[in-house]
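What follows is each chain in one-letter form.
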Amino acid sequence: KMAFASHSHRDPSGTYTFSSRPRAVENRSKYSETTKRHYGNIMYDRRVVRGNTYAKHILPTTAQPDPAEIRRQQANRRRAIAQKQAREQFRPNTPEALEGRKHTDVQTELYLEELSNIIATTDIECQTDPFLDRPATPLFIPAKSGKDVETQIEEGELFDFDIEVQPVLEVLVGKTIEQSLLEVMEEEELACLKAQQRAFEELRNNDLAEVQRLQEMERRHNEEKERRIAQQREVLRKEKEIAEKIAARAYTQQYLAGLLPAVFTSLRRHGYFYNPVEKDIETNFFPWLMDKVNNRVERRYTAREILDTMIYDVTQKRLERFNEEETQPEKSDS
């Protein structure tokens with residue numbers, strides 16, 4: 001509902017005249033802004049936890065654990081367990097006791113105390129007072145201020161539906177017809193754009209086909225050109241090779257013209273060309289002859305040495321006999 005407020009006064013003729021245009025009353029909050037601020041009220045303090053006082057930690061129901069944090073905690077826990085096992089493994093242990101003895105735990109503190117497996121425990125209870133239900137907040141009714149002003153409006157004085165509805169209907173009908181015309185024009189424009197797009201695509205396809213044909217023709221021309229160039233290069237290479245062969249043959253003939261006699265002369269001088277009879281005499285007969293001559297000479301030398309030895313022996317014997325014969329007359333004379 002909308003309330004209208006205005007200032008009016010009655011004319012002497014009995015009709016009402018308005019000194020200002022009607023205006024809508026502004027919506028105001030039912031409650032004061034100060035009521036929304038709960039200063040000093042512990043019930044609205046977020047640091048205060050309501051419920052069981054034995055709870056150690058309360059997590060929000062919407063909180064989701066972070067997978068990365070969980071993996072990091074698990075890795076830290078595994079690392080701590082591995083370090084503890086390593087310390088226990090490398091920690092020096094007490095050597096084993098000798099035969100007939102055993103190890104016993106002994107208290108080394110200043111004051112001895114009784115050791116027992118039973119742990120002393122004590123039960124302590126604590127009960128807090130239950131929370132009372134919070135009473136319902138009373139509705140805030142602001143204090144009345146200002147003066148009440150009333151205006152009496154008779155039926156038909158401010159609004160006539162049949163008259164006032166005509167502009168609204170004209171606007172609605174006009175907007176509907178305008179929107180319909182816009183939609184029809186948009187559909188026609190879209191159809192025209194599609195037709196233009198189809199025509200453009202046909203032209204583009206034709207252009208692409210022509211471009212592909214020209215590219216293929218250019219490719220064939222390039223391949224034919226490269227093939228002709230390769231053939232010409234091959235012909236030039238063969239002609240150059242033939243010319244080099246001819247020049248090499250002429251140079252070889254010219255060089256070998258005087259080389260053959262010199263080679264044969266050098267080979268003949270070094271003994272590569274020889275007479276078989278001379279070669280046979282030199283390699284077979286002369287060595288055999290020299291061996292025979294050496295054997296004959298050695299036999300003669302041996303015979304001479306034997307003869308010299310015999311002559312020496314005979315001479316020595318005769319000399320000794322002669323000396324003996326000379327010494328015998330001397331002995332007889334004496």
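Treat the numbers as computed from the prediction; the structure is a model and nothing was measured.

**Quick look at the overall build of the chain**
Turning to step 1, where the next piece is worked out: Of the regular secondary structure elements, the chain holds three helices and four strands.
Turning to step 2, where the next piece is worked out: Burial analysis of the chain (334 residues in total) assigns 1% to the buried set.
Turning to step 3, where the next piece is worked out: Partitioning the intrachain contacts of the chain with sequence separation of at least 6 by distance along the chain shows that 29% fall at a separation of at least 24.
Turning to step 4, where the next piece is worked out: Of the accessible surface of the chain, which amounts to about 34100 Å², a share of 55% is contributed by carbon and sulfur atoms.

**Observations concerning a nonpolar patch on the surface**
Turning to step 1, where the next piece is worked out: Where nonpolar side chains cluster on the molecular surface, the patch consists of Val277, Ile281, Phe285, Phe286, Trp288, Leu289, Val293 and Val297 and spans about 720 Å² of accessible area.
Turning to step 2, where the next piece is worked out: Mapping Trp288 onto the fold places it in helix 3 (residues 276–333).

**Looking at the pattern of salt bridges**
Between side chains of opposite charge, pairing is possible as soon as their charged atoms come close.
Turning to step 1, where the next piece is worked out: The tally for this structure, following the rule as stated, stands at ten salt bridges.
Turning to step 2, where the next piece is worked out: A salt bridge links Glu223 to Arg219; its shortest N-O distance comes to 2.5 Å. Here Glu223 and its partner Arg219 are both found in helix 2 (residues 161–269), four residues apart, which amounts to about one turn of the helix.
Turning to step 3, where the next piece is worked out: Relative accessible area serves as the criterion here: at 36%, Arg219 is assigned to the partly exposed category.
Turning to step 4, where the next piece is worked out: A salt bridge links Glu224 to Arg228; the shortest N-O distance between them is 2.9 Å.

**What about the packing of aromatic side chains?**
Turning to step 1, where the next piece is worked out: If you walk through the whole model with that rule in mind, you get three aromatic pairs.
Turning to step 2, where the next piece is worked out: Ring geometry for Tyr251 versus Tyr255: centroids 6.2 Å apart, planes at 15 degrees, classification stacked. Of this pair, Tyr251 and Tyr255 both sit in helix 2, four residues apart, roughly one helical turn.
Turning to step 3, where the next piece is worked out: Looking at Tyr251, the relative accessible area reads 57%, which means it is exposed.
Turning to step 4, where the next piece is worked out: Note on Phe285 and Trp288: the rings are 6.1 Å apart at their centroids and 40 degrees apart in plane angle, and the pair reads as tilted. Separated by three residues within a single helix, Phe285 and Trp288 lie in helix 3, roughly one turn from each other.
Turning to step 5, where the next piece is worked out: Residue Phe285 is classed as partly exposed on the basis of its relative accessible area, which comes to 40%.

**Here we look at the confidence of the model for the chain**
Low pLDDT marks stretches whose predicted atomic positions should not be read closely.
Turning to step 1, where the next piece is worked out: Per-residue confidence for the chain gives a mean pLDDT of 79; residues scoring 70 or more make up 79%.
Turning to step 2, where the next piece is worked out: Per-element mean pLDDT across the chain ranges from 44 in strand 1 (residues 4–5) up to 90 in helix 2.
Turning to step 3, where the next piece is worked out: This model gives residues 1–9 a pLDDT under 50, and the stretch forms 24 contacts once residues within four places in sequence are excluded.
Turning to step 4, where the next piece is worked out: Throughout residues 55–63 the model reports pLDDT below 50, and contacts reaching past four residues in sequence, or to other chains, amount to one contact.

**What to know about the UniProt feature "coiled-coil region" (unreviewed entry) in the chain**
Turning to step 1, where the next piece is worked out: Mapped onto this numbering, the UniProt entry gives "coiled-coil region" (unreviewed entry) at residues 214–242.
Turning to step 2, where the next piece is worked out: Between the first and last C-alpha atoms of residues 214–242 the distance is 42 Å; the span itself is 100% helix and 0% strand.

**Brief notes about a positive patch on the surface**
Turning to step 1, where the next piece is worked out: A cluster of basic residues, Lys292, Arg296, Arg299, Arg300 and Arg304, forms a positive patch on the protein surface.
Turning to step 2, where the next piece is worked out: Its location among the elements puts Arg296 in helix 3.
Turning to step 3, where the next piece is worked out: When its relative accessible area of 46% is taken as the criterion, Arg296 is described as partly exposed.

**Details of helix 2**
Turning to step 1, where the next piece is worked out: For helix 2, spanning 109 residues, the distance from its first C-alpha to its last is 150 Å, which sits close to the expected 162 Å at 1.5 Å a residue.
Turning to step 2, where the next piece is worked out: Bending of helix 2 peaks at approximately 35 degrees at the position of Leu256.
Turning to step 3, where the next piece is worked out: Just downstream of helix 2 lies Gly271, where phi reads positive at about 90 degrees.

**Quick word on a negative patch on the surface**
Turning to step 1, where the next piece is worked out: A cluster of acidic side chains, namely Glu183, Glu186, Glu187, Glu188 and Glu189, defines a negative patch on the protein surface.
Turning to step 2, where the next piece is worked out: The residue Glu187 is located in helix 2 in this model.

Parameters at a glance
Residues numbered from 1 in each chain as written. Predicted model: local features only at pLDDT ≥ 70, side-chain atom pairs only at ≥ 80, totals over all residues. Heavy atoms only, no water. Helix = DSSP H or I, 4+ residues; strand = E, 2+ residues; numbered from the N terminus. Buried < 20%, exposed > 50% of the residue type's maximum accessible area, 1.4 Å probe, protein only. Contact = heavy atoms within 4.5 Å. Areas by Shrake-Rupley, 256 points an atom, 1.4 Å probe, with all protein chains shown as cover. Patch = residues over 30% accessible without salt bridge, like charges linked within 9 Å, V, L, I, M, F, W, Y side chains within 5 Å. Salt bridge = Lys/Arg side-chain N within 4 Å of Asp/Glu carboxyl O. Phe/Tyr/Trp six-rings, centres within 6.5 Å; stacked < 30°, edge-to-face > 60°. pLDDT = per-residue confidence, 0-100. UniProt positions renumbered as here; feature names shortened; annotations may be inferred. Lys, Arg positive; Asp, Glu negative; His and termini not counted. Charge placed at Lys NZ, Arg CZ, Asp CG, Glu CD. Expected span 1.5 Å × (residues − 1). Bend = angle between axes of the 7 residues up to and from the residue.

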